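Chain residues, written in single-letter form:
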Amino acid sequence: MFFMHVNLFETVTPASLVTLGSGVLVLVVGILIYVRDSSRKDTTMFLLITASAMVWSITAGLLQSISHSDIEEALIRLLYISGASMPMMSIFFADSLSVGKFRFNKLRSAGIIVLSLLMFSLIAFSDLIVWRRADVSHGWENEIARGPLFFLFVLYLIVVFTASLATLWRKYREAAGVFKIELRYIMIALAIAMFSIFIINLTLQIMGYYDVAWIGHMVAFLTATIIGYIMVKYNFWNIKLMATELFIVLISLTLFTEVIFSRSVIDFVVKGTILALVVSSSFFLTRSVKRETESRQEVEKLAEELHNVNIRLQELNKKKSNFVEIAAHHLRDPLTAIRGYTSMLLEGSFGLLSANARGAVMKISESSKRLLVIIEEFMDISKIESGKIEYRFEKADLGNVLTDIIEEMKSSAESSGLSLTLEIVPKEDYRIAVDIGKIRQVISNLIDNALKYSLKGGIKVRMYKTRKKKILIIVSDTGIGMIQATIEKIFKKFSRAANASKFHTGGSGLGLYVAKEIIRNHDGRIWAESAGLGKGSTFYVELDPGIMHQATPVPTEEQSSEKGPTFSATG
Ligand code: ADP
């Protein structure tokens with residue numbers, strides 16, 4: 001407030017009480033925030049703003065309450081200086097908020113300080129801005145007179161108001177997450193407060209309305225409380241703990257007054273002891289609560305950081321998956337050409353091959369086939385991880401699907417000296433909505449594994465419907481078998497049994513992981529059993545025809561060309 005009412009006859013009015021009270025309370029808010037973390041620049045600057053507000057309101061309150069005295073002139077000048085220092089402090093407060101990269105350089109800070117000091121000196125040591133008219137008998141409004149350079153004071157206020165809001169705005173644009181919200185609220189609160197005080201305590205009073213000044217002082221106190229609350233909220237400080245501390249301070253102050261006004265020595269001793277007990281137990285109580293909340297807040301902060309790191313890792317993982325997918329794509333194309341030419345060579349399209357040459361080309365064909373399987377698996381994994389894998393569900397008879405697969409793989413089994421048989425329990429309905437290509441991929445993979453990990457005997461594929469009307473496909477072999485520890489890990493990425501590479505070196509440990517993902521997306525189950533090493537293995541796939549899967553749109557040409565090699569490679 002820049003002008004206020006000094007009543008010559010009454011000393012204290014309700015308005016002056018509100019003004020004085022606002023002055024005391026605003027500083028309490030500043031101190032409460034400051035003691036939360038006194039090492040921070042923003043809490044220190046906030047304390048300085050509230051200290052200026054305190055001086056502003058107390059000076060105003062005193063001027064309203066006291067009669068004429070020699071100190072009035074000093075009070076008037078102090079009122080103007082403290083009023084001007086609030087927005088000046090707000091600029092530094094805005095700068096001290098540790099958000100974004102923008103900070104004042106020394107030159108800018110020095111500029112603001114020099115400008116403010118000039119203004120303060122003009123107010124303190126000259127009559128150019130404001131002076132006390134001593135020759136009026138009463139009416140305080142007539143005692144504060146505006147000097148010839150008063151407009152400079154108004155200009156100064158407008159400049160610093162704008163500068164502090166501009167600083168906050170700049171920080172706001174750079175901020176992200178909760179800090180952005182924190183800054184938005186601080187900016188709104190400060191803008192509303194500065195604007196209202198400018199209107200109430202300057203403009204209105206220049207126009208002659210003096211009685212509303214106390215509202216401006218209350219606005220200052222309320223704004224400090226709101227900004228303090230925002231700082232507490234977004235800095236993870238505990239508002240309840242602060243309220244408890246305030247409550248304890250009030251109780252202690254009341255008890256202390258009781259002690260001072262004791263009526264007898266016994267009264268003094270009793271009340272003094274109670275005060276000592278309350279103060280010491282409150283001290284230990286708040287200290288332990290503080291420690292506890294601090295460690296909880298630390299955990300919350302860490303959890304938040306972990307969450308952010310996790311999001312970042314997921315992004316990186318997606319990028320990696322995309323990269324692998326693109327790389328695999330580029331590897332697959334030349335490999336398809338190699339496979340094409342080797343099969344043409346074997347078919348005799350370029351003339352008859354000698355036995356040696358035929359053997360070598362066969363090896364090239366086998367290796368390129370294995371390589372293609374691995375590349376396909378890598379592409380599948382990247383698609384799974386980047387969430388790009390697509391399913392095209394359509395009604396299919398799994399009896400026909402299995403018959404086709406067995407037909408295709410029979411010769412490969414025979415060339416390894418193994419039998420491959422199919423047994424389908426008849427008179428059952430094996431029609432179900434599946435992504436045929438992907439289900440073929442899973443079953444082919446299981447049979448392929450059975451062939452890879454069996455040295456003699458045969459592979460039996462069976463299908464029947466369980467009592468719960470689910471379709472169960474069983475692939476059992478007479479191969480190397482698995483121990484329990486192996487069974488538990490084979491559906492994970494890159495998991496192979498310790499002895500797997502002895503039997504088959506080219507495996508990637510990805511096939512079963514992909515199979516599990518595919519079956520999971522069909523809402524089915526896949527699992528393995530084995531009686532132990534050397535005792536064969538059995539793989540189960542269970543699908544539920546009762547679960548309806550949404551029909552997917554007809555595939556585009558690009559998608560169907562991508563799918564083709566997927567099963568021819570694993571089949
Ligand atoms: P890959 O066969 O390329 O290693 P898979 O994911 O298909 O990868 O299989 C993972 C592991 O599971 C194999 O390395 C092997 O140890 C084990 N496994 C899979 N099928 C069989 C089987 N029929 N008999 C014994 N072990 C098997």
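Conventions used here
- Residues numbered from 1 in each chain as written.
- Predicted model: local features only at pLDDT ≥ 70, side-chain atom pairs only at ≥ 80, totals over all residues.
- Heavy atoms only, no water.
- Helix = DSSP H or I, 4+ residues; strand = E, 2+ residues; numbered from the N terminus.
- Buried < 20%, exposed > 50% of the residue type's maximum accessible area, 1.4 Å probe, protein only.
- Areas by Shrake-Rupley, 256 points an atom, 1.4 Å probe, with all protein chains shown as cover.
- Lys, Arg positive; Asp, Glu negative; His and termini not counted.
- Charge placed at Lys NZ, Arg CZ, Asp CG, Glu CD.
- 1 Å grid on protein atoms, 1.4 Å probe; cavity = no way out; pocket = protein on both sides within 12 Å on 5 of 7 lines; lining within 4 Å.
- Points joined across faces, edges and corners; volume = space filled by probe spheres on them.
- Nonpolar A, V, L, I, M, F, W, Y, C, P; charged D, E, K, R; others polar.
- Near = heavy atom within 4 Å.
- Polar contact = N/O pair within 3.5 Å; in protein donor to acceptor, adjacent residues only side chain to side chain.
- Sits in = over half its atoms within 2 Å of the grid points.
- Phe/Tyr/Trp six-rings, centres within 6.5 Å; stacked < 30°, edge-to-face > 60°.
- Lys NZ or Arg CZ within 6 Å of the ring centre and 35° of its normal.
- Pairing = 2+ DSSP bridges.
- Axes fitted to C-alpha atoms, helices over the stretch in contact; angles between N-to-C directions.
- Contact = heavy atoms within 4.5 Å.
- pLDDT = per-residue confidence, 0-100.
- Parallel < 35°, antiparallel > 145°, perpendicular 65-115°, else oblique.

Caption draft 1: Quick peek at the overall build of the chain. Looking only at helices and strands, the chain features 17 helices and nine strands. When its C-alpha atoms are laid out on the principal axes, the chain stretches across 125 × 65 × 40 Å. Counting only residues that meet the buried cut, the chain has 44% of its 571 residues in that class. Accessible surface, the chain: about 30,600 Å² in total, of which carbon and sulfur atoms supply 64%. For the chain, the separation between the mean place of its 63 positive charges and that of its 54 negative charges on side chains is 6 Å.

Caption draft 2: Seen up close, the layout of surface pockets. The space that makes up the largest pocket amounts to roughly 1,200 Å³. Among the secondary structure elements, those contributing two or more residues to the lining of the largest pocket are helix 10 (265–347), helix 11 (355–385), helix 12 (398–415), helix 13 (436–452), helix 15 (500–503), helix 16 (511–521), strand 9 (537–543) and helix 17 (557–570). Among the elements that make up the lining of the largest pocket, the one with the highest residue count is helix 11 (eight residues). The residue inventory of the lining of the largest pocket, partitioned by class, reads 20 nonpolar, 21 polar and nine charged.

Caption draft 3: Here's a closer look at empty space enclosed by the protein. In this structure the tally under the stated criterion is three cavities of 30 Å³ or more. In this structure, the largest cavity spans a volume of roughly 290 Å³. If you trace the largest cavity, you find 23 residues lining it, with Ile49, Met86, Ser90, Met194 and Ile197 closest to the centre. Going through the elements one at a time, helix 2 (41–65), helix 3 (72–96), helix 6 (150–174), helix 7 (177–206) and helix 8 (213–234) are the ones with two or more residues in the lining of the largest cavity. Per-class residue counts for the lining of the largest cavity are 19 nonpolar, four polar and no charged.

Caption draft 4: Spatial organisation of the site of the ligand. Not every one of the 21 residues close to the ligand is listed here, only the nearest: Asn449, Asp477, Arg496, Ala497 and Leu512. At 2.8 Å from an oxygen atom of the ligand is found a main-chain nitrogen or oxygen belonging to alanine 497. Note that an oxygen atom of the ligand is positioned 3.2 Å from one of the backbone N or O atoms of glycine 511. When the free accessible area of the ligand is taken as 530 Å², the share hidden by the protein chains comes to 99%. Using a 2 Å cut-off from the grid points, one finds that the ligand occupies the largest pocket.

Caption draft 5: Focus on the environment of aspartate 333. Looking at the secondary structure, you find aspartate 333 in helix 10. The class of aspartate 333 is partly exposed, set by a relative accessible area of 45%. The spatial distance from the C-alpha of aspartate 333 to the C-alpha of alanine 53 is 75 Å, given a sequence separation of 280 residues.

Caption draft 6: Local environment of the packing of aromatic side chains. Throughout the structure, instances matching the rule amount to 12 aromatic pairs. Measuring from ring centre to ring centre gives 5.7 Å for phenylalanine 150 and phenylalanine 153, while their planes differ by 45°; the resulting arrangement is tilted. A residue pair is termed a helical-turn pair when its members lie 3 or 4 positions apart in one helix, as phenylalanine 150 and phenylalanine 153 do in helix 6 at three residues. By relative accessible area, which is 0% here, phenylalanine 153 ends up buried. Here the aromatic cluster, defined as three or more aromatic residues joined through ring pairs, consists of Tyr80, Phe150 and Phe153. It is lysine 180 that lies over the ring of tyrosine 172; its NZ or CZ is 4.6 Å from the centre.

Caption draft 7: Structural view of the sheet that holds strand 6 (residues 458–465). Spatial ordering of the open sheet is given by 4-6-7-9-8, a layout of five strands whose pairing is mixed. Each edge of the sheet is formed by a strand with only one pairing partner; in this case those strands are strand 4 (419–424) and strand 8 (525–530). For this sheet, the mean inter-axis angle between neighbouring strands, taken without regard to orientation, is 15°. Pairing analysis gives six bridges linking strand 4 to strand 6, with the strands arranged parallel. Counterpart to isoleucine 424 in the pairing with strand 6 is methionine 463. Of the strands in this sheet, strand 4, strand 6, strand 7 (471–476) and strand 9 are in contact with helix 12, which crosses strand 4 at around 170°. Across the face of the sheet, helix 16 comes into contact with strand 8 and strand 9 while running at roughly 140° to strand 8.

Caption draft 8: Just the confidence of the model for the chain, in detail. When pLDDT is averaged along the chain, the result is 85, and 90% of the positions lie at 70 or above. With pLDDT under 50 throughout, residues 1–10 is counted as low confidence; its partners more than four residues away or in other chains account for 52 contacts. Note on residues 554–571: pLDDT is under 50 here. Beyond four places in sequence and across chains, it has 30 contacts.

Caption draft 9: View of the packing of helix 7 against helix 8. Packing of helix 7 against helix 8 leaves a shortest axis separation of 9 Å and a crossing angle of 175°. Here helix 7 lies roughly antiparallel to helix 8, going by the angle between them. The residue makeup of the contact of helix 7 with helix 8, split by class, is 18 nonpolar, six polar and one charged.

Caption draft 10: Representation of the environment of glycine 216 in the model. The topology assignment puts glycine 216 in helix 8. The exposure class assigned to glycine 216 is buried, which follows from its relative accessible area of 0%. Sequence-wise, glycine 216 and glutamate 300 are 84 residues apart; in three dimensions their C-alpha atoms are separated by 39 Å.

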